[in-house]
Amino acid sequence: MSALGHDGPLYALVDCNNFYCSCERVFNPKLENRPLVVLSNNDGCAIARSNEAKALGIKMGEPWFKLKDLVKHHGIVGLSSNYTLYGDMSQRVMQVLREFTPDVEVYSIDESFLRIERMRRLWSSYTAMGQTIRGKVRQWTGIPVCVGIGPTKTLAKLANHIAKKNPKFEGVFDLDAYPPAQLDELLAKVDVGEVWGVGRRIAEKLKSAGIHTVQDLRLMSPKVIRAHFSVVMERTVSELQGLPCLELEDIAPPKKQIVSSKSFGEMVASLEELSEALSSYVTRAAEKLREQGSVCGALQVFVMTNQFRTDDAQYSNGIVIPLPNPSNNTLDLVQAALFGLRAIYRRGYLYKKTGVMLLDLAPAGQTQASLFDPLEEQAKHSDGLMAALDGLNRRFGRDTLCVAAAGTRKRWVAKAENKTPCYTTRWSELPKAFAR
């Protein structure tokens, strides 16, 4: 019987601490205990901060150029994002977690939900299990994690927050086993905005209604919350009260839209260079589309100038291009995207960004065929060509084979002046040790 008064499922949320920064520190121990910031594409703003950087007041999303004084006085290290490294390290962490239970939902690159009630007999307590998870992940990958445990996913997420913010729990908090009276006191000190799914606007609305803490929300009637907010908030309150409303997803649902876009390393004026960049982004989006076994029925292309360069003429536009037949063929999608780009391109502007959004996604093989087009025969050739393209690029490296429209010079590629090597995925970038 749990502390919340029921038997049933039990969830653990395992969250990597400052994940991007932790990945960088695994391969460069000199970064330990130093303020570290990982930057967004084009080295624009902070997307990850070490605890030391947070202590200096650096906010998420803060532009890097505004931190020059802090960098000078406190020796802050700023690194370009290395998503190849982070993605591989994430897979390694998730592989370790599957050693503890087969019921794992990868929620994001640095978070996973585990269903653990069936593992109870293997451990003296769930806290002991959580500590073992922490130790094993750190030993095998070098990544520090915290573990939150609760009878619902929302409570597990909340428990993880408590584990991170309270050193006395040593990185693991089993909310389900905590004495009820003490739990009430603890949750009465946690801001309602820390609840999973409660954003800034909802938090403000809750506070205006006198609901300031997690405990305040937990004591509310789900039906009352539904009447004043939404069905989603009703489920959140039910989950806070220990009633599971969210199942574990063993396989992430297919995305409903796929976006591929980046800011340029240098301003771009010509249609030729915009076309190269857009073709490259469409190629990435098409790869993701095939990975999830989908096709798209339309795509949106957009361009924009840099709104912060007030002396430059400003222009932004977008266009949706319906496809004659749903497709995941890179060649078809590039052709449609370039058609759209030519329609919205205007001379005389310096462009900062272009991108594509794939729309109207559906499972491959389940789309309506045309009466006149020989789609079945075309699909066989298309599928074979794309399988060969993906296979070669997986084996020999990304862009080993690519569409000619993506170009070769790529002056527009985003800046990454302080990017670390891809230590775990490229032989040429392995760390080298030399004997003296």
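Owing to the predicted nature of the structure, the values given are computational and were not obtained by experimental measurement. (Residues numbered from 1 in each chain as written. Predicted model: local features only at pLDDT ≥ 70, side-chain atom pairs only at ≥ 80, totals over all residues. Heavy atoms only, no water.)

Peer 1: Please clarify how a nonpolar patch on the surface should be interpreted in this entry.
Peer 2: Together, Leu392, Phe396 and Leu401 give the surface a local cluster of nonpolar side chains, amounting to about 280 Å² of exposed area. Relative to the assigned elements, Leu392 resides in helix α14 (residues 375-396). The exposure class assigned to Leu392 is partly exposed, which follows from its relative accessible area of 36%. (Patch = residues over 30% accessible without salt bridge, like charges linked within 9 Å, V, L, I, M, F, W, Y side chains within 5 Å. Areas by Shrake-Rupley, 256 points an atom, 1.4 Å probe, with all protein chains shown as cover. Salt bridge = Lys/Arg side-chain N within 4 Å of Asp/Glu carboxyl O. Helix = DSSP H or I, 4+ residues; strand = E, 2+ residues; numbered from the N terminus. Buried < 20%, exposed > 50% of the residue type's maximum accessible area, 1.4 Å probe, protein only.)

Peer 1: Even after reading the chapter, I still don't get the environment of Leu350, so can you show me in this structure?
Peer 2: Counting through the fold element by element, Leu350 comes out in the loop between α13 (330-344) and β12 (351-363). Here the alpha-carbon distance between Leu350 and Gln182, two residues 168 residues apart in the chain, equals 60 Å. If near-sequence neighbours (up to four positions away) are discounted, Leu350 is found in contact with Met267, Val268, Ala269, Thr305, Asn306, Arg309 and Asp312. (Contact = heavy atoms within 4.5 Å.)

Peer 1: Before we go on, may I ask you to explain the nonpolar core in this structure?
Peer 2: Soluble globular proteins tend to bury their nonpolar side chains together. The biggest cluster of nonpolar side chains holds 36 residues, and the ones touching the most others in it are Ile133 and Ile143. Elements supplying a minimum of two residues to this core: β1 (11-16), α1 (19-27), β2 (36-39), β4 (77-80), α4 (83-97), α5 (126-141) and β7 (145-150). For Ile133, the residues in contact, after removing those within four places along its chain, are Val14, Leu97, Phe100, Leu114 and Val147. Within the second largest apolar cluster, 33 residues are counted, among which are Val282, Val303, Leu333 and Ala336. (Core = buried A, V, L, I, M, F, W, Y, C linked by side-chain atoms within 4.5 Å.)

Peer 1: Explanation requested: the side chain of Arg284 in the structure shown.
Peer 2: Looking at the element boundaries, Arg284 is found in helix α12 (residues 271-291). Residue Arg284 is classed as buried on the basis of its relative accessible area, which comes to 15%. Residue contacts for Arg284: discarding those within four places in its chain leaves Ser260, Arg398 and Asp399.

Peer 1: I tried to follow α13 on my own but got confused; where do I start?
Peer 2: What sets the pattern is the α-helix's 3.6 residues per turn: residues three or four places apart point alike. A rise of 1.5 Å per residue sets the reference length of α13, with its 15 residues, at 21 Å; its end C-alpha atoms lie 21 Å apart and thus fit the reference within 8%. Taken residue by residue, α13 has Thr330, Leu333, Val334, Ala336, Ala337, Leu338, Gly340, Leu341 and Ile344 as its buried positions. The N-cap of α13, judged by a side-chain oxygen 2.7 Å from the amide nitrogen of Leu331 a few residues on, is Asn329. (Expected span 1.5 Å × (residues − 1). Polar contact = N/O pair within 3.5 Å; in protein donor to acceptor, adjacent residues only side chain to side chain.)

Peer 1: Mind showing me how you'd approach the side chain of Ser280 here?
Peer 2: Secondary-structure assignment places Ser280 in helix α12. With sequence-adjacent residues up to four places away left out, Ser280 is seen in contact with Ala406 and Trp412.

Peer 1: Teacher, can you tell me more about the layout of surface pockets here?
Peer 2: If a probe the size of a water molecule is rolled over the atoms, the empty space left behind becomes visible. Taken as a whole, the second largest pocket encloses approximately 790 Å³ of empty space. Contributing to the lining of the second largest pocket are 27 residues, with Asn17, Asn18, Asn51, Lys54 and Lys164 lying nearest its centre. Elements represented by at least two residues in the lining of the second largest pocket include exactly β1, α1, β3 (46-49), α2 (51-55) and α6 (153-165). When residues of the lining of the second largest pocket are assigned to their parent elements, the largest contribution, six residues, is made by α1. Class assignment of the residues belonging to the lining of the second largest pocket gives a composition of 10 nonpolar, six polar and 11 charged. (1 Å grid on protein atoms, 1.4 Å probe; cavity = no way out; pocket = protein on both sides within 12 Å on 5 of 7 lines; lining within 4 Å. Points joined across faces, edges and corners; volume = space filled by probe spheres on them. Nonpolar A, V, L, I, M, F, W, Y, C, P; charged D, E, K, R; others polar.)

Peer 1: For this particular structure, what's the right way to read the sheet that holds β2?
Peer 2: Two strands in a sheet stick together by hydrogen bonds in their backbones, pointing the same way (parallel) or opposite ways (antiparallel). One open sheet holds the three strands; their spatial order is β3-β2-β4, and the pairing between them is mixed. Edge positions in the open sheet fall to β3 and β4, since each of these has one partner strand only. When strand polarity is set aside, the average angle formed by the axes of neighbouring strands in this sheet is 30 degrees. As judged from the four bridges shared by β2 and β4, these two strands associate in the parallel manner. The residue of β4 that forms the bridge with Val38 is Leu79. (Pairing = 2+ DSSP bridges. Axes fitted to C-alpha atoms, helices over the stretch in contact; angles between N-to-C directions.)

Peer 1: Explanation requested: the packing of aromatic side chains in the structure shown.
Peer 2: Geometry of an aromatic ring pair is reported as the spacing of the ring centres plus the angle between the planes. This structure, assessed with the given rule, holds 16 aromatic pairs. With a centroid separation of 5.7 Å and an interplanar angle of 70 degrees, the aromatic rings of Tyr107 and Phe113 are classed as edge-to-face. Judged by its relative accessible area of 0%, Phe113 is buried. Measuring from ring centre to ring centre gives 5.1 Å for Tyr315 and Tyr349, while their planes differ by 25 degrees; the resulting arrangement is stacked. Here the residue Tyr315 occupies a position in the loop between β10 (294-305) and β11 (316-327), and Tyr349 occupies one in the loop between α13 and β12, the gap between them amounting to 34 residues. Note on Tyr315: relative accessible area 14%, which makes it buried. What links up through ring pairs into an aromatic cluster is the set Phe19, Tyr20, Tyr83 and Tyr86. Directly above the ring of Tyr126 sits Arg120, whose terminal nitrogen or CZ lies 5.5 Å from the centroid. Above the ring of Phe113, the side-chain terminus of Lys153 is found at 4.9 Å from the ring centroid. (Phe/Tyr/Trp six-rings, centres within 6.5 Å; stacked < 30°, edge-to-face > 60°. Lys NZ or Arg CZ within 6 Å of the ring centre and 35° of its normal.)

Purely geometric stuff here, so don't read any function into it on its own.
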